[in-house]
Amino acid sequence: MGTLNRNYNFSAGPSMLPLSVLEQAASDMVNYRGSGMSVMEMSHRSKDFESIINTAEQDLRDLMHIPDSYKVLFLQGGGSLQFSMIPLNLFRNSKKADYIVTGAWAKKAAQEAAKFGTVNVLASSEKDIFSYIPKVSSENFTKDADYFYITQNNTIYGTRYTWLPETGNVPLVSDLSSMILSEELDITKFGLVFGGAQKNVGPAGVTLAIIKEDLLGFAPKEIPSMLDYKIHADNDSMYNTPPCYSIYIAGLTFQWVKEQGGVAALQKINEHKAGLLYDAIDESKMFSCPVANEDRSLMNVVFVTGDEVLDKKFTAEAKAEGLVNLGGHRSVGGMRASIYNAMPVEGVKALIDFMHRFEKNNR
Ligand SMILES: *Cc1c(COP(=O)(O)O)cnc(C)c1O
């Protein structure tokens, strides 16, 4: 990619960031806008950092249309710590929760919650290698559940929800790790959403959690303070030192999303990019996508040749052309192209062009 020699990086995470975000960070690196120091060297209580985190929060609120009745938290511990924080904080009455298991992350989340209460796995697509999102009927939902849990985009298997379960008064909790800011969402349909930054937002180290205020304050007193959402909320994500630099980069990404026209505009581009790639796969005689048509992810496009040796050859030859990290997750093999917000349409077109040539040369 020109003189910068950057690859098209299809990694599932940590993943590509917008070039302009990296360039802004580079120009701010040793002296952040006249402060005389790097963001990495600043006190998290300084005026400069206060402005960074407040602007980041406000921009995220604008982008996701988050009402004042929700808290936005900048946490640590990745998506994985949320698997524990959710049950620890939300098991407040019946200590029961419904889970739909659509992949390895959902399964881990359910297993973690089962340490603290009763987990009812309503449906699972594990028998079919998580190649679809199971349909559920609200008659089977646990009426007195404390919450209902889904993984809205399944990073490893390339599926996503195009609908939401009708959970009534039971708060819906969603793992948005690999889809936050990729498509429009009505946040008021959820009690809590979360996601690690390293897929669509910024570097690893910060985890976003957006939680309805009326779900705060139920954590048992004996749990560690760092695991209590209310303590983080009451301290504006500054109960302890937050992951300052990751928050700063996430803030730059939020500004970039705004410059692109916001989430709705990016959704259009994402649908276009994914559409081009799925069409190329469906039209090919060599490649196929194992995922049910209606459940295909916009962010993680999974495909195979059906021959492991050929898959390996594909990812190796693609890499030599600067199309990198196209290997599928170690648990499923094949190929996976993660095409998050920051992947330009040119990157997707370069991949499709390579697929055409590879198919011709390996017939
Ligand atoms: C990556 C991922 C996780 C785990 O995130 P960590 O930040 O590594 O803990 C959880 N859920 C989904 C959907 C993911 O893609």
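Residues numbered from 1 in each chain as written. Predicted model: local features only at pLDDT ≥ 70, side-chain atom pairs only at ≥ 80, totals over all residues. Heavy atoms only, no water.

What about the side chain of Ser177?
Mapping Ser177 onto the fold places it in the loop between β8 (172-175) and β9 (192-196). With a relative accessible area of 10%, Ser177 lands in the buried category. For Ser177, the side chain forms a polar contact with the side chain of Asp175, separated by 2.7 Å. Here Ser177 is in contact with Phe194, Gly195, Gly196 and Lys199, once residues within four sequence places are set aside. (Helix = DSSP H or I, 4+ residues; strand = E, 2+ residues; numbered from the N terminus. Buried < 20%, exposed > 50% of the residue type's maximum accessible area, 1.4 Å probe, protein only. Polar contact = N/O pair within 3.5 Å; in protein donor to acceptor, adjacent residues only side chain to side chain. Contact = heavy atoms within 4.5 Å.)

Quick look at the packing of aromatic side chains
Under the criterion given, the structure shown has 18 aromatic pairs. When the ring of Phe130 is compared with that of Tyr157, the centres are 4.8 Å apart and the planes differ by 55°; the resulting orientation is tilted. Taken together, the residues Phe130 in the loop between β4 (118-124) and β5 (147-151) and Tyr157 in the loop between β6 (153-154) and β7 (159-160) connect sequence positions 27 residues apart. The exposure classification of Phe130 matches that of Tyr157, with both residues buried. Pairing Phe314 with Phe354 gives two aromatic rings, centres 5.1 Å apart and planes at 55°, and the pair type is tilted. Of this pair, Phe314 sits in helix α8 (residues 308-320) while Phe354 is found in helix α9 (residues 345-361), placing the two residues 40 residues apart along the sequence. Take Phe354: its relative accessible area is 3%, and that puts it in the buried class. (Phe/Tyr/Trp six-rings, centres within 6.5 Å; stacked < 30°, edge-to-face > 60°.)

Things to note about the sheet that holds strand β3 (residues 96-101)
Within the open sheet, the seven strands sit side by side as β2-β10-β9-β8-β5-β3-β4. Their pairing is mixed. In the strand order of this sheet, the two ends are held by β2 (70-75) and β4, each with one partner. With strand direction ignored, the average angle separating the axes of adjacent strands in the sheet is 15°. Examined bridge by bridge, β9 and strand β10 (residues 207-212) share five bridges and lie antiparallel to one another. Each bridged residue has a counterpart across the sheet, and for Val193 the counterpart in β10 is Ile210. Together, β3, β4, β5 and β8 form the strand contacts of helix α4 (residues 104-113), whose direction differs from that of β3 by roughly 160°. (Pairing = 2+ DSSP bridges. Axes fitted to C-alpha atoms, helices over the stretch in contact; angles between N-to-C directions.)

Some details on the domain arrangement of the protein chain
Domain parsing of the protein chain yields domain 1 (22-259) and domain 2 (262-361). Taking only C-alpha atoms, the centre of domain 1 and the centre of domain 2 are 27 Å apart. Between domain 1 and domain 2, the contact holds 27 residues from the first and 25 residues from the second. Between domain 1 and domain 2, the buried area comes to about 2100 Å², and carbon and sulfur atoms account for 54% of it. The interface formed by domain 1 and domain 2 holds zero salt bridges in total. Linking domain 1 to domain 2 there are 13 residue pairs in polar contact (both at pLDDT 80 or more). Only β6, β7 and α6 (244-259) provide two or more residues apiece to the side of domain 1 that touches domain 2. Split into classes, the residues belonging to the side of domain 1 that touches domain 2 amount to 11 nonpolar, 10 polar and six charged. (Domains from an automatic or database assignment. Buried area = accessible area lost by both parts, 1.4 Å probe. Salt bridge = Lys/Arg side-chain N within 4 Å of Asp/Glu carboxyl O. Nonpolar A, V, L, I, M, F, W, Y, C, P; charged D, E, K, R; others polar.)

Looking at the environment of Gly347
Relative to the elements of secondary structure, Gly347 occurs in helix α9. When the C-alpha atoms of Gly347 and Tyr8 are compared, they prove to be 5.8 Å apart, with 339 residues separating the residues in sequence. The contact partners of Gly347, leaving out residues within four places of it in the chain, are Tyr8 and Phe10.

A closer look at the site of the ligand
The immediate surroundings of the ligand are formed by 13 residues, with Ser80, Thr155, Asp175, Gln198 and Lys199 found nearest. Asp175 places a side-chain nitrogen or oxygen 2.6 Å from a nitrogen atom of the ligand. Between an oxygen atom of the ligand and a side-chain N or O atom of Lys199, the distance comes to 2.7 Å. If the ligand stood free it would expose 390 Å²; the protein chains cover 87% of that surface. Its residues placed into classes, the shell around the ligand shows two nonpolar, nine polar and two charged. (Near = heavy atom within 4 Å. Areas by Shrake-Rupley, 256 points an atom, 1.4 Å probe, with all protein chains shown as cover.)

Description of the side chain of Ser11
With respect to the helices, strands and loops of the structure, Ser11 is situated in the loop between β1 (8-9) and α1 (19-28). A distance of 2.8 Å separates the side chain of Ser11 from the backbone oxygen of Pro14, its partner in a polar contact. Each residue touching Ser11, except ones within four places of it in the same chain, is listed here: Val324, Asn325, Ser338 and Tyr340.

Quick look at the packing of helix α7 (residues 263-283) against α9
Relative orientation of the contacting elements α7 and α9 amounts to 5°, with a least axis distance of 9 Å. The orientation of α7 with respect to α9, classified from their angle, is roughly parallel. Across the interface between the two elements, His272, Lys273, Leu276, Leu277, Ala280 and Ile281 of α7 pack against Val345, Val348, Lys349, Leu351, Ile352 and Met355 of α9. Its residues assigned to classes, the contact of α7 with α9 comprises nine nonpolar, one polar and two charged. (Parallel < 35°, antiparallel > 145°, perpendicular 65-115°, else oblique.)

Quick notes on unusual backbone geometry
Here the bond from Gly13 into Pro14 is cis, since omega is -10°, no more than 30 degrees from zero. Checked against the element boundaries, Pro14 lands in the loop between β1 and α1. Backbone geometry at Asn5 places phi at a positive 60°, although glycine is not the residue there. Take Asn5: it is sitting in the segment before β1. Here Asn5 falls in the exposed class, since its relative accessible area comes to 65%. Even without a glycine there, the phi angle at Asp236 is positive, about 50°. Mapped onto the secondary structure, Asp236 falls in the loop between α5 (229-234) and α6.

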